[in-house]
Amino acid sequence: MALAIFSHETHIDFVGFRKIAYAISCITALIGLVAILLNGGLKYGVDFTGGVIVQIAFEQSIPDEQVKTALEDVNLPGLIVQQVDTDNRNYMLRFSVSDESTQELRQRVTDTLHKTLPNNKFTLQRIESVGPKVGSDLRNMAIEAVFYAVLLITVYISGRFEHSWITAGVMVAVLYGAVYGVSYLGLSKLWGVFLGLIITFVSCWKLKLNFALGATLALVHDVIITVGLLTLLNIEIDLNVIAALLTLVGYSINDTIVVYDRIRENLRNIPHDGNIKPTMESVINVSVNQTLARTVMTSGTTLLASLALYFLGGNVIHSFALTITLGIIFGTFSSVFVASPILIAFGNVDFYHTKVSQKVEFERPGEHGVV
């Protein structure tokens, strides 16, 4: 007998809960944005700001103030001591960029701690150094990477579900020019990406690329909430987090495409000459219920893996695992309660039925005697 988490005939009214879901999304996103504002912006790691990071593991518990006092004789400008566990043994040291080599810094920190804390053995688990210029360039590239991932996904959705490859291609060219045009005005890449997202939303709305609009809004929803909660939890945004964000963008859109594909198939199965047609609400509910078992099993197993990484993977991978975990939760939530129900706001069942029933004309190889 096969294992089944849900019955194949579930009849949950997901669309009926959409207003509650929207409220949860808005409140969660607002909490995250307030945390970012109160924090003075995102908390970037050494990868993006430049500086040195040293991770130390002590054999015995030790207060963070004692660690900072022990390093007073070492010239570490802007030193910040951050506890990374619950038993006061693992600490992260952050300070401004030094002219010394990594090996020289390691030796000075090691010698000083041996001298000031002779009865508490320790291990330097890692030491990293990034220059301010490199950090700034990495930050810009990371922002662009997330933006272009969302943009290219928008193009794919437009072509796959709405047969608008050319329109989507033109939109990409315009957005590419807009993002890079902003840099010539002396504004940061972040403003360029923000402008690009606004243009993407407006373009999808005006061109009636509703599937692309719903998917893009869901992806931005996932990224904003995840980044906001990471800031609330005092997690630094570094390359590990960016890698996790790109992963969750791909994971979330995969789930959304599965639901969208079922919606499209159910819309195609509506008779053209039928006198009584189902509502868009009922089509979405049926489609989400049909894919529910797949969604729960996929998300659940992936969530177990990310939780294992978080609890067993060590301190170095905590930020990555936490980002993936939050992304899975809100990515699954958005696929069911955001990306699909939002289609109702931009068209009725007749509009979508006509759109998905369009066929792309093509000529088969050799159809007219020429291969």
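The structure presented is a predicted model; accordingly, all values stated were derived computationally and were not measured.

Participant: Please explain the overall build of the protein chain as it appears in this structure.
Facilitator: Tallying secondary structure elements over the protein chain gives 13 helices and four strands in all. The long-range fraction of contacts in the protein chain, counting pairs at least 24 apart against all pairs at least 6 apart in sequence, stands at 79%. Summing over all exposed atoms, the protein chain offers an accessible surface of approximately 19300 Å²; the carbon and sulfur share of this is 63%.

Participant: How should I be thinking about the pairing of strand β2 (residues 80–83) in this particular structure?
Facilitator: As a general feature of sheets, a regular strand has side chains that alternate between the two faces. Bridge analysis of β2 against strand β3 (residues 90–95) gives four bridges, and the strand direction is antiparallel. Residue pairing across strands places Q83 opposite Y91, the latter belonging to β3. Between β2 and β3, which pair antiparallel in sequence order, lie six residues; one of them, N88, sits at a positive phi of approximately 60 degrees.

Participant: When you look at the sheet that holds strand β4 (residues 122–130) in this model, what are you seeing that I'm missing?
Facilitator: Sheet strands pair via backbone hydrogen bonds, and the direction of the pair is either parallel or antiparallel. Spatial strand order, β2-β3-β1-β4: four strands in an open sheet with antiparallel pairing. With partners counted over all chains shown, the strands left at the sheet margins are β2 and β4, one partner each. Recorded for the sheet is a direction-independent mean angle of 20 degrees between the axes of neighbouring strands. Inspection of the sheet shows strand β1 (residues 51–58) paired to β4 by eight bridges, in the antiparallel sense. Paired with I53 across the two strands is E128, which belongs to β4.

Participant: How should the packing of helix α8 (residues 210–232) against helix α9 (residues 239–268) be read in this particular structure?
Facilitator: Axis angle and axis distance: for two packed helices, these are the angle between their axes and the distance between the axes, and together they describe the pair. Two elements in contact, α8 and α9, have axes separated by 10 Å at closest approach and are oriented at 145 degrees. Relative to α9, α8 is oriented so that their crossing is right-handed. Residues F211, G214, A215, L219, D222, V223, T226, V227 and L230 of α8 form the contact with α9, whose participating residues are V241, L245, L248, V249, S252, I253, T256 and Y260. Of the residues assigned to the contact of α8 with α9, the class counts are 12 nonpolar, four polar and one charged.

Participant: Help me out: how do you make sense of unusual backbone geometry in this one?
Facilitator: A negative phi angle characterises most non-glycine residues, just as the trans form characterises most peptide bonds. Non-glycine residue K208 carries a positive phi angle of around 60 degrees. Checked against the element boundaries, K208 lands in the loop between α7 (189–206) and α8. Look at N234: it is not a glycine, yet its phi comes out positive at around 65 degrees. Judged by its relative accessible area of 40%, N234 is partly exposed.

Participant: Sorry if this is basic, but what is going on with the pattern of salt bridges here?
Facilitator: When charged atoms on two side chains of opposite charge get close, those side chains can pair. Tallying each qualifying case throughout the model produces six salt bridges. The shortest N-O distance in the salt bridge between R89 and D87 comes to 3.2 Å. Residue class for R89 comes out partly exposed when judged on its relative accessible area of 27%. D261 is paired through a salt bridge with R264; the nearest N and O atoms lie 2.4 Å apart. Of this pair, D261 and R264 both sit in helix α9, separated by three residues, roughly a single helical turn.

Participant: Mind showing me how you'd approach the side chain of H221 here?
Facilitator: Inspection of the secondary structure puts H221 in helix α8. Of the residues examined, H221 reaches a relative accessible area of 13% and is grouped as buried. What H221 contacts, discounting residues up to four positions off in sequence, is S25, F330, F333, S334 and V338.

Participant: What exactly am I supposed to notice about α9 here?
Facilitator: One turn of the α-helix equals 3.6 residues, which is why residues spaced by three or four share an orientation. Helix length check: α9, at 30 residues, gives a terminal C-alpha distance of 43 Å against a target of 44 Å (1.5 Å per residue), a fit within 8%. With a side-chain oxygen lying 3.2 Å from the backbone nitrogen of N240, the N-terminal cap of α9 falls on D238.

Participant: Looking at this structure, I do not really get the packing of aromatic side chains. What am I missing?
Facilitator: Each aromatic ring pair is summarised here by two numbers: the centre-to-centre distance and the angle between the ring planes. Across all of its chains, the model carries six aromatic pairs by this definition. For the pair F333 and F337, a centre-to-centre distance of 5.2 Å together with 40 degrees between the ring planes defines the contact as tilted. Within this pair, F333 and its partner F337 are both found in helix α12 (residues 318–337), separated by four residues, close to a single helical turn. The same class applies to F333 as to F337, namely buried. An aromatic cluster is built from F14, F333 and F337, whose rings are joined through pairwise contacts.

Participant: Which parts of the structure should I look at to understand the nonpolar core?
Facilitator: Proteins that are soluble and globular tend to have nonpolar side chains buried together. With 65 residues, the main nonpolar core has I157, I263, L267 and M280 as its most contacted residues. The element best represented in this core is α8, accounting for 12 residues. Ignoring anything within four residues of it in the chain, the contact list for L267 reads M280, V283, V349, Y352, H353 and V356. Listed in part, the 22 residues of the second largest apolar core include I56, I62, L105 and V109.

Participant: Hey, could you run me through a nonpolar patch on the surface in this one?
Facilitator: Together, W191, F194, I198, V202 and W205 make up an exposed nonpolar region whose accessible area comes to about 550 Å². Take F194: it is sitting in helix α7.

Rules used in this analysis
- Residues numbered from 1 in each chain as written.
- Predicted model: local features only at pLDDT ≥ 70, side-chain atom pairs only at ≥ 80, totals over all residues.
- Heavy atoms only, no water.
- Helix = DSSP H or I, 4+ residues; strand = E, 2+ residues; numbered from the N terminus.
- Contact = heavy atoms within 4.5 Å.
- Areas by Shrake-Rupley, 256 points an atom, 1.4 Å probe, with all protein chains shown as cover.
- Pairing = 2+ DSSP bridges.
- Axes fitted to C-alpha atoms, helices over the stretch in contact; angles between N-to-C directions.
- Left-handed = near helix turned anticlockwise from the far one by under 90°.
- Nonpolar A, V, L, I, M, F, W, Y, C, P; charged D, E, K, R; others polar.
- Buried < 20%, exposed > 50% of the residue type's maximum accessible area, 1.4 Å probe, protein only.
- Salt bridge = Lys/Arg side-chain N within 4 Å of Asp/Glu carboxyl O.
- Expected span 1.5 Å × (residues − 1).
- Polar contact = N/O pair within 3.5 Å; in protein donor to acceptor, adjacent residues only side chain to side chain.
- Phe/Tyr/Trp six-rings, centres within 6.5 Å; stacked < 30°, edge-to-face > 60°.
- Core = buried A, V, L, I, M, F, W, Y, C linked by side-chain atoms within 4.5 Å.
- Patch = residues over 30% accessible without salt bridge, like charges linked within 9 Å, V, L, I, M, F, W, Y side chains within 5 Å.

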